[in-house]
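Listed below, chain by chain, are the residues.
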Amino acid sequence: RCFRCRFSCCPSRATFLTGQYSHNNTVWTNGNTYDGRGGGYGALLPTMDNTLPVWLEKSGYHTGLIGKYVNGYGQNVAPTNIPPGWKTWFGLVDPSTYSFYNYTVNDNGMLRTYGNWTQDYQTDVLSSTAVDFINDRADSSQPFFLWLAPLAPHSGAPGNAVPEPAPRHKGFFSNLPLPQPPNFNEGNFSDKPQFIKNNLPLMDSSKLDLTTKSYRTRRESLLAVDEMVAKVINALQATGKLDNTYIIFTSDNGYFQGEHRVPTDKFLVYEESIHIPLI
């Protein structure tokens, strides 16, 4: 089952942090144990002193994390714990990481809880915090590294297996047609492994509706992320930092949208699941 490790967010994030494959950093899964292999924040703890923020801090950088860290953060250790190497820390605390409202953040060692008001929408809070981070560095010649990691467009509460768009973006893509490539709700499974044949029946109308809703709300939730990117770039421009800053975009794993009869998920060795953009 080790194929799961590359199609789960936590092992991918652990590799980003350590520069190591899962068999070296011991983070194989999002947290559950498969065939004796574990994952999540607890599995990363033994290598925490040898990670990207530690290297950058030693090289003279001011480091900051805003948003999601790795699965299980705040559960394996005290939620006020700050991993080594991070100077500024605004980390979402599990399990509330997967809530667009009513979530808890470790704000540099102090727990801060947000409610369900419009201004508490998670992406917007992370966005404004990132702008504050950049503005705080305006007069400093010290280089900085900021890892900005919103939940969106991942599914999360209060939605059921779908993302929650910002109120101002709800319904923006309500008429967007769901793409249906040749492998959408595939009729012929003769070439598939037995475990897929046994577990993936043709999608019925309810699953088709779920897939369509997920497709639309994922894009609606990305509109606030687009606005976040604009605000970050504008802040870098205003502080004179833009021309001396590398901006790297990456994301969570790919996601099925009805391909191979999978309405909303990943974890399978197909392009829709394994493709991770890096720009």
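Worth saying up front: this structure is predicted, and the values here are computed from it rather than measured.

**Some remarks on the pairing of strand β3 (residues 104-107)**
Of the two faces of β3, the one holding T104 and N106 and the one holding V105 and D107 are both buried throughout. With 3 bridges connecting them, strand β2 (residues 88-92) and β3 associate as antiparallel partners. Among the inter-strand pairings, L92 is bridged to a residue of β3, identified as V105. By the bridge criterion, 4 bridges tie β3 to strand β4 (residues 110-113) in an arrangement that is antiparallel. What sits directly across from D107, in β4, is M110. Between β3 and the antiparallel strand that follows it, β4, lie 2 residues; N108 among them carries a positive phi value of about 50°.

**Quick word on a nonpolar patch on the surface**
Taken together, Y246, I248 and L278 make up a surface patch of nonpolar side chains, about 470 Å² in accessible area. I248 sits in the exposed class, given a relative accessible area of 63%.

**Focus on the side chain of T97**
Mapping T97 onto the fold places it in the loop between β2 and β3. Here D94 takes part through its side chain, which lies 2.5 Å from a polar atom of the side chain of T97. Beyond its immediate stretch of four places on either side in the chain, T97 contacts K68, L92, Q122 and L151.

Rules and cut-offs
- Residues numbered from 1 in each chain as written.
- Predicted model: local features only at pLDDT ≥ 70, side-chain atom pairs only at ≥ 80, totals over all residues.
- Heavy atoms only, no water.
- Buried < 20%, exposed > 50% of the residue type's maximum accessible area, 1.4 Å probe, protein only.
- Helix = DSSP H or I, 4+ residues; strand = E, 2+ residues; numbered from the N terminus.
- Pairing = 2+ DSSP bridges.
- Patch = residues over 30% accessible without salt bridge, like charges linked within 9 Å, V, L, I, M, F, W, Y side chains within 5 Å.
- Areas by Shrake-Rupley, 256 points an atom, 1.4 Å probe, with all protein chains shown as cover.
- Salt bridge = Lys/Arg side-chain N within 4 Å of Asp/Glu carboxyl O.
- Polar contact = N/O pair within 3.5 Å; in protein donor to acceptor, adjacent residues only side chain to side chain.
- Contact = heavy atoms within 4.5 Å.

Fair warning: the whole summary comes from geometry, so function is off the table for now.
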